[in-house]
Amino acid sequence: MKDWQRAASAANIIGYFLARRDIDELSTEAMQAQIREPQADVLIAFGGMIPHGCDIVARAWQRGIAKRLLLVGGIGHTTEVVRAAYKDRVPELDVDGRAEADIMADYLKLCYGIEGALIENRSTNCGNNVTYALDVLQQNGITPKSVLIMQDATMQLRMDATFRKVAPDLQVVNYAPYRPAVISKGWQLGFLMEYWGMWSMEHYLSLLLGEVKRLRDDANGYGPNGADYLAHVDLPAKVEAAATFLKESGLGTVRTANPLYGDETSKLVEIA
């Protein structure tokens, strides 16, 4: 018999760790306290997030906590699910065959009147999400000192580690746009809140375990002692224990990288 309450707790230990937030709220006051400026130079929103995250991006932008907005995301392993979620919410939105950044841009314009965002729509994974984004900024004559980054809750910490690897001198402020809470519902797991476009529970658990595997700085991970795609990340013992429990319980499987969308080495370069 599975221990559903323990499984929910394990999922939340990992999920909270991955969904990094350096500020407690999306406000100029919070930014001032974090970087001594009321605005980041650029808010970078990544298409790997569920569509609910795009609403949080809009909220952040409307509160004036960044000078420029950059939307990042080509076509990758999440794209079909993201397209379907946007289409279900806004039927008039054109999603067919389109990159995630382009869909986000149209959604923000249609639903919030937000225009003028910079677009990066070629990247397919965490590595070139970052390097291509920095390329777009450079092409537009923007050399940021600070960026506010928003990504799917499961990938926020890995995105931060990628920035620390690629652009170590850049001041990065993290704000995971949502933090899913898992609860025990009788003989199954569920989410405390149903965010728009949220992954299935099975997929969410696989994302959690996949991230722990990637962030683990050993021969099989993405850190300096492994593939060297990321800066080093310390994995707390409680996170490792939670991942072991979920894996051994049979409730979660590790999401493997999809070779169709390349690996994290794509366009990984040092940025001066």
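Model, not experiment: these values are computed from the prediction. (Residues numbered from 1 in each chain as written. Predicted model: local features only at pLDDT ≥ 70, side-chain atom pairs only at ≥ 80, totals over all residues. Heavy atoms only, no water.)

Peer 1: Looking at this model, I keep getting lost on the pattern of salt bridges. Mind explaining?
Peer 2: Pairing between side chains becomes possible if they bear opposite charge and their charged atoms approach one another. Per the stated rule, a full pass over the model turns up ten salt bridges. Note that K109 and E115 form a salt bridge whose closest N and O atoms lie 3.8 Å from each other. Given a relative accessible area of 56%, E115 falls into the exposed group. Each of R20, D22, D160 and R164 takes part in salt bridges that share partners, so that together they form one network. (Salt bridge = Lys/Arg side-chain N within 4 Å of Asp/Glu carboxyl O. Buried < 20%, exposed > 50% of the residue type's maximum accessible area, 1.4 Å probe, protein only.)

Peer 1: Sorry, what's going on with the sheet that holds strand β3 (residues 118–120) here?
Peer 2: Adjacent strands of a sheet pair through backbone hydrogen bonds, lying either parallel or antiparallel. Strands sit in the order β3-β2-β1-β4-β5 across an open sheet of five strands; the sheet is parallel. A strand with exactly one partner marks an edge of an open sheet, and here the two such strands are β3 and β5 (171–174). With direction set aside, neighbouring strand axes in the sheet form an average angle of 25 degrees. Sheet topology places strand β2 (residues 66–72) next to β3; three bridges connect them, and they run parallel. By the bridge assignment for β3, L71 is matched with I119. In the packing of helix α2 (residues 28–35) onto the sheet, the strands contacted are β1 (40–46), β4 (146–150) and β5, and the crossing angle to β5 comes to about 140 degrees. Relative to the sheet, helix α5 (residues 100–112) contacts β1, β2 and β3, its axis offset from that of β2 by approximately 130 degrees. (Pairing = 2+ DSSP bridges. Helix = DSSP H or I, 4+ residues; strand = E, 2+ residues; numbered from the N terminus. Axes fitted to C-alpha atoms, helices over the stretch in contact; angles between N-to-C directions. Contact = heavy atoms within 4.5 Å.)

Peer 1: Just checking my understanding: could you explain the side chain of D22 for this structure?
Peer 2: In this fold, D22 is placed in the loop between α1 (4–18) and α2. Within polar-contact distance, the side chain of D22 engages the side chain of R20 at 2.7 Å. Separated by 2.8 Å, the side chain of D22 and the backbone nitrogen of N174 make a polar contact. Here D22 is in contact with Q34, V172, V173 and N174, once residues within four sequence places are set aside. (Polar contact = N/O pair within 3.5 Å; in protein donor to acceptor, adjacent residues only side chain to side chain.)

Peer 1: Would you mind showing me how to read the nonpolar core here?
Peer 2: Across soluble globular proteins, nonpolar side chains show a tendency to be buried alongside one another. Among the nonpolar cores identified, the biggest contains 75 residues, and I14, Y86, L148, L189, Y204, L205 and L246 are the most heavily contacted of them. Take this core: its biggest share by element is eight residues, from helix α8 (residues 201–215). Grouped together as the second largest cluster of nonpolar side chains are 21 residues, V42, L118, V130 and F163 included. (Core = buried A, V, L, I, M, F, W, Y, C linked by side-chain atoms within 4.5 Å.)

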